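# Per-entry structural report
Listed below are the residues making up each chain.
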Amino acid sequence: APGTDDGQVKQKVQEFFDQQYENDVYYRVAMKDAKKELASFNQQLSTVSMFVSAIGGISLLVGGIGVMNIMLVTVTERTREIGVRKALGATRNAIRIQFVVEAMIVGLLGGIIGVILGGAIGMIGSAMMGAFVYPPISGVLIALFFSLGIGLFFGYYPANKAAKLNPIDALRYE
């Protein structure tokens, strides 16, 4: 409890058990403080957590760059389509929205696949340990929103590139 002296509590508990077992030759009670071990364990746990977070961050960066590359290829392959749309009156914003939404869908599909695989592996692992556990809904939703955000962030550059295409040059593109 807050405000109590740990040494005094330890001494009182030791005195209590010493009185309980003073006539017993087979049993003795010895008090041990595990604060140092707990602090060391917490330090190791935070180091592992930081390492796993760094790996996750690098994975997200690589995945985002993958989404951006896919969208850049899509813009290149659909240059004539973009030119036709612009020639028919599509605004830069309409083109940008089209490609940003496509990038978000690619990110969301990747997130859905990741949630399904991660959830399945987690459920199999928990079942092997004797306790079947479903993934938390909040974690699933956060992961899906995060994958949408990755699609939005990394899809904006290709979408902006598509929106800035000159319709005449786009229609000439082969």
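This write-up is about the structure you can find in this document. (Residues numbered from 1 in each chain as written. Predicted model: local features only at pLDDT ≥ 70, side-chain atom pairs only at ≥ 80, totals over all residues. Heavy atoms only, no water.)

A separate point is the packing of aromatic side chains. The relative placement of two aromatic rings is captured by the distance of their centres and the angle of their planes. Inspection of the entire model under this criterion finds four aromatic pairs. Both rings, one in Phe153 and one in Phe154, keep their centres 5.0 Å apart while their planes meet at 85 degrees; by these two values the pair is edge-to-face. (Phe/Tyr/Trp six-rings, centres within 6.5 Å; stacked < 30°, edge-to-face > 60°.)

A full pass over the atoms with the stated rule returns four salt bridges. When the shortest N-O distance is used, the salt bridge between Glu37 and Lys32 registers 4.0 Å. By relative accessible area, which is 42% here, Glu37 ends up partly exposed. Here Lys32 falls in the exposed class, since its relative accessible area comes to 67%. Of the charged contacts in the structure, one is a salt bridge between Glu81 and Arg78, with a shortest N-O distance of 2.9 Å. Of the residues examined, Glu81 reaches a relative accessible area of 34% and is grouped as partly exposed. (Salt bridge = Lys/Arg side-chain N within 4 Å of Asp/Glu carboxyl O. Buried < 20%, exposed > 50% of the residue type's maximum accessible area, 1.4 Å probe, protein only.)

Locating Val106 in the fold gives a position in helix 4 (residues 92-128). Its relative accessible area of 31% is what places Val106 among the partly exposed residues. In this structure the C-alpha to C-alpha distance between Val106 and Leu152, which are 46 residues apart in sequence, comes to 9.9 Å. (Helix = DSSP H or I, 4+ residues; strand = E, 2+ residues; numbered from the N terminus.)

Once that is clear, we can look at the packing of helix 4 against helix 5 (residues 137-163). Interhelical geometry of helix 4 versus helix 5 gives an angle of 145 degrees and a closest axis separation of 6 Å. Handedness of the helix 4/helix 5 crossing: right-handed. A per-class count over the contact of helix 4 with helix 5 returns 17 nonpolar, six polar and two charged. (Axes fitted to C-alpha atoms, helices over the stretch in contact; angles between N-to-C directions. Left-handed = near helix turned anticlockwise from the far one by under 90°. Nonpolar A, V, L, I, M, F, W, Y, C, P; charged D, E, K, R; others polar.)

On the surface, Ile97, Val101, Ile105, Leu109, Ile112 and Ile116 cluster together into a nonpolar patch covering about 530 Å² of accessible area. Checked against the element boundaries, Ile116 lands in helix 4. Residue classification places Ile116 among the exposed residues on the basis of a relative accessible area of 55%. (Patch = residues over 30% accessible without salt bridge, like charges linked within 9 Å, V, L, I, M, F, W, Y side chains within 5 Å. Areas by Shrake-Rupley, 256 points an atom, 1.4 Å probe, with all protein chains shown as cover.)

Further remarks concern helix 4. Here helix 4 spans 54 Å end to end across 37 residues, near enough to the 54 Å set by a 1.5 Å rise per residue. Residues Ile95, Arg96, Gln98, Phe99, Val100, Ala103, Gly107, Gly111, Gly119 and Ser126 constitute the buried set of helix 4. Contacts from the buried residues of helix 4 go to helix 2 (35-77), helix 3 (79-87) and helix 5. After helix 4 finishes, the residue Gly130 shows a positive phi value of roughly 95 degrees. (Expected span 1.5 Å × (residues − 1). Contact = heavy atoms within 4.5 Å.)

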